[in-house]
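Understanding the architecture of this molecule
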Amino acid sequence: MTVSKPIIEINELDVSFGRQDVLRDISLSVPAGQTLAIIGESGCGKTVLLKTIIGLVQPTRGYVEFDGQRIDQLDDQELTRQRTRFGFVFQNAALFDSMTVAENILFPLRQHHPGERASHDDAMLARLAEVGLPTAVLRKRPAELSGGMRKRVGLARALIMNPEVLLYDEPTTGLDPIVSDVINELMMRTRKQNPVTSIIVTHDMKTATKVADRIVMLYPLARLADDEEQILFDGSAEEIEGANDRRVTQFIRGEAGDRLMEMNETAEEVV
Amino acid sequence: MSTGLEYSRPPRRGIVSALTDPLVDLGTLVLRSIETLGDMTLFAWQTIRWLVARLPSKDTLYTNMYQIGVLSLPVVALTGTFIGMVLAVQSYTQFRAFGLETQLGGVINRTMFRELGPVLAATMLAGRVGSAMAAELGTMRVTEQIDALSSMGANPVHYLVVPRFLSCLLLIPSLTIMAVFMGVVGGAAYCVFLLNIDVHHYSANSKLYVENWDLLYGIIKSVFFGATIGLVSCYRGFNCKPGAEGVGQAATSAFVQSFVVIIVLDLFLSILLDNIYSYLWPTSPMLLNG
């Protein structure tokens, strides 16, 4: 794969909530067209990093640059304009309960191009076909859909504005293996059909190795020494198999390792 | 075997910290209250800024108006009727002792117009709509729907708060008028049909003690109450803590805080409006010293 100009640059990023530090000194460069998977155990700050990229979370230090512009320095109007260049697929799809599936998918178009309603339906049907959903779902409410269908509607909504960057937050969490693979295939198909940069936050190694060009592994700050980097691994899917760091190999193999010992020690202390 | 209670027991403290801890707690509480007040002020400012900058779409506004106004009418009318009757029941014995039972209309109506109408409508709105708004927005926060709005370039304050705030502000006067009307009717019906007070004297005294200003008085108050309910409830929903417990807390605190602010505002607005009245009509017979 040819390396393009970075579309997203994360520079020495720190994020804290009150006294709780979540991200520390994160620097990453994401070239246009790349599919990056950010992996790591629960609570390591993957979702926070994703939300910081789009300006939903404000960094304590450092900044995110999108297409050469610092996200934290944009005014409301410009931030809104830049956000239309992103598509965000949320962990539980975050569909609006009060709207039908059709209204959910059309929401970004109606918000930003209210005068062009005639072309909206065509765009919606095209996206619906792209994510493999029948038109019968359009009149349904999100509560009437299965988890996999909700994720697909979320993807259709994220794609409707033809984004340049797609952010996926745990796209396969809570889904059975078959539906998870359907979502993986959809992400790959989306990438083929649309020239997008994708950042996928996941703890599903199958998704990471199948879909991503590059994998970055974060580690929870609470378990790191002060001088250790939070990014434990940055490389390809092939490279991660041969990683030397025990914490990386434990994660990709899904082994409890020293966590089990810690758990036993805690249990003993309690008793 | 040890119990969970032992682990939750606080560590043993010295006499100095035992004396200073309450002060620290008090200081933290004061600081948090100031922080919340500042945050709420910014939230209100943002809401007003968006309200002036761009009105919400008609569809969104009408949906909210229906939910907030139309669906609240039956409960406001019902409670208004019974409050009017209760006023008649409670006042009758005292008035009868002085032979003033025909004056009941004046007291009931003036109380309904100035105090009970607006406060009752506001309380019902805070309970029925305020809690629901906080719970709905809280659920949207917890399920990342508010983040989804932002990520799609829609401002959540403009899209979610402005229509709710505007609906509360515009429709609470109508609800207040309904509460007042039903209270007046309920009180009159009880006095005339059950207490057998003469209709002619009852209505003559009612007219004597109530004027247009009293209706305006209640409506002015209700606008402030409506704004309070809209802002406090939406703020609580927006700042909801995670989980089902967080949503429950947001709904409860939306009602409690709205109610407290309404009662405090009621006092200050009463003083202010009475002063305005005595300034505008210094020789009015309605003034106690007039």
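Residues numbered from 1 in each chain as written. Chains lettered and ligands numbered in written order. Predicted model: local features only at pLDDT ≥ 70, side-chain atom pairs only at ≥ 80, totals over all residues.

**Observations regarding the overall build of chain B**
Looking only at helices and strands, one finds 10 helices and 0 strands in chain B. Shown N-terminal to C-terminal, the secondary structure of chain B runs as helices and strands in the order α-α-α-α-α-α-α-α-α-α. Against the 2.2 N^0.38 benchmark of 19 Å for 290 residues, chain B shows a C-alpha radius of gyration of 24 Å, more extended than a compact globule. Along the longest, intermediate and shortest principal axes, the C-alpha atoms of chain B span 75 × 55 × 45 Å. Residues counted as buried form 40% of the 290 residues belonging to chain B. Long-range pairs, those at least 24 residues apart, make up 88% of the contacts in chain B between residues at least 6 apart in sequence. (Helix = DSSP H or I, 4+ residues; strand = E, 2+ residues; numbered from the N terminus. Rg over C-alpha atoms; globule rule 2.2 N^0.38 Å. Buried ≥ 20, exposed ≤ 12 C-beta atoms within 10 Å, placed from the backbone. Contact = placed C-beta atoms within 7 Å.)

**Comments concerning the nonpolar core**
In terms of nonpolar packing, the biggest core is built from 138 residues, with A:Leu167, A:Met217 and B:Leu125 touching the most fellow members. Counting residues per element, this core draws most heavily on helix H7 (residues 156-194) of chain B, which supplies 19 residues. Apart from the residues lying within four places of it in its own chain, the contact partners of A:Met217 are A:Ile39, A:Gly40, A:Ile231, A:Leu232, A:Phe233, A:Val248 and A:Phe251. (Core = buried A, V, L, I, M, F, W, Y, C linked by C-beta atoms within 7 Å.)

**Overview of the domain arrangement of chain B**
All names here are of chain B. Partitioning chain B into structural domains gives domain 1 (14-53) and domain 2 (57-280). For domain 1 and domain 2, the distance between their C-alpha centroids amounts to 27 Å. Each partner contributes residues to the interface: domain 1 has 7 residues there, and domain 2 has 9 residues. In the side of domain 1 that touches domain 2, the residues fall into 5 nonpolar, 2 polar and no charged. (Domains from an automatic or database assignment. Nonpolar A, V, L, I, M, F, W, Y, C, P; charged D, E, K, R; others polar.)

**As for the packing of helix H4 (residues 73-97) of chain B against H7(B)**
All names here are of chain B. At their nearest, the axes of H4 and H7 sit 7 Å apart, and the two run at 40 degrees to each other. On the basis of the axis angle, H4 is oblique to H7. Our pair here, H4 against H7, has a crossing hand that is right-handed. Note on element contacts: H7 touches H4 through Leu-175, Met-178, Ala-179, Val-180, Met-182, Gly-183, Val-184, Val-185, Gly-186, Gly-187, Tyr-190 and Cys-191, opposite Leu-73, Val-76, Ala-77, Gly-80, Thr-81, Phe-82, Ile-83, Gly-84, Met-85, Leu-87, Ala-88 and Val-89. Looking at the contact of H4 with H7, its residues break down into 18 nonpolar, 6 polar and no charged. (Axes fitted to C-alpha atoms, helices over the stretch in contact; angles between N-to-C directions. Parallel < 35°, antiparallel > 145°, perpendicular 65-115°, else oblique. Left-handed = near helix turned anticlockwise from the far one by under 90°.)

**Focus on the pairing of strand E6 (residues 86-89) of chain A**
Residue and element names in this part refer to chain A. Alternating residues of E6 divide into Phe-86 and Phe-88 and Gly-87 and Val-89, and every residue in both groups is buried. By the bridge criterion, 4 bridges tie E6 to strand E7 (residues 165-169) in an arrangement that is parallel. For Phe-88, the partnering residue across the bridge sits in E7 and is Leu-167. (Pairing = 2+ DSSP bridges.)

**Considerations on the sheet that holds strand E3 (residues 35-39) of chain A**
Residue and element names in this part refer to chain A. Across the sheet, 6 strands lie side by side as E6-E7-E8-E3-E9-E10; this open sheet has mixed pairing. Two strands bound the open sheet, and with one partner strand each, they are E6 and strand E10 (231-235). Sheet twist, expressed as the average angle between the axes of neighbouring strands with direction ignored, equals 15 degrees.

**Concerning the interface of chain B and chain A**
Contact with chain B, which involves 10 residues of that partner, is made by 16 residues of chain A. Its residues assigned to classes, the side of chain B that touches chain A shows 3 nonpolar, 5 polar and 2 charged.

**Looking at H4(B)**
All names here are of chain B. Here H4 is 25 residues long and its end C-alpha atoms lie 37 Å apart, about the 36 Å a rise of 1.5 Å per residue gives. The principal kink in H4, of about 40 degrees, is found at Ser-91. Listed in full, the buried residues belonging to H4 are Val-76, Gly-80, Thr-81, Ile-83, Gly-84, Met-85, Leu-87 and Ala-88. On the buried face of H4, the contacting elements are helix H5 (104-142) and H7. A positive phi of about 70 degrees marks Gly-99, the residue just after H4. (Expected span 1.5 Å × (residues − 1). Bend = angle between axes of the 7 residues up to and from the residue.)

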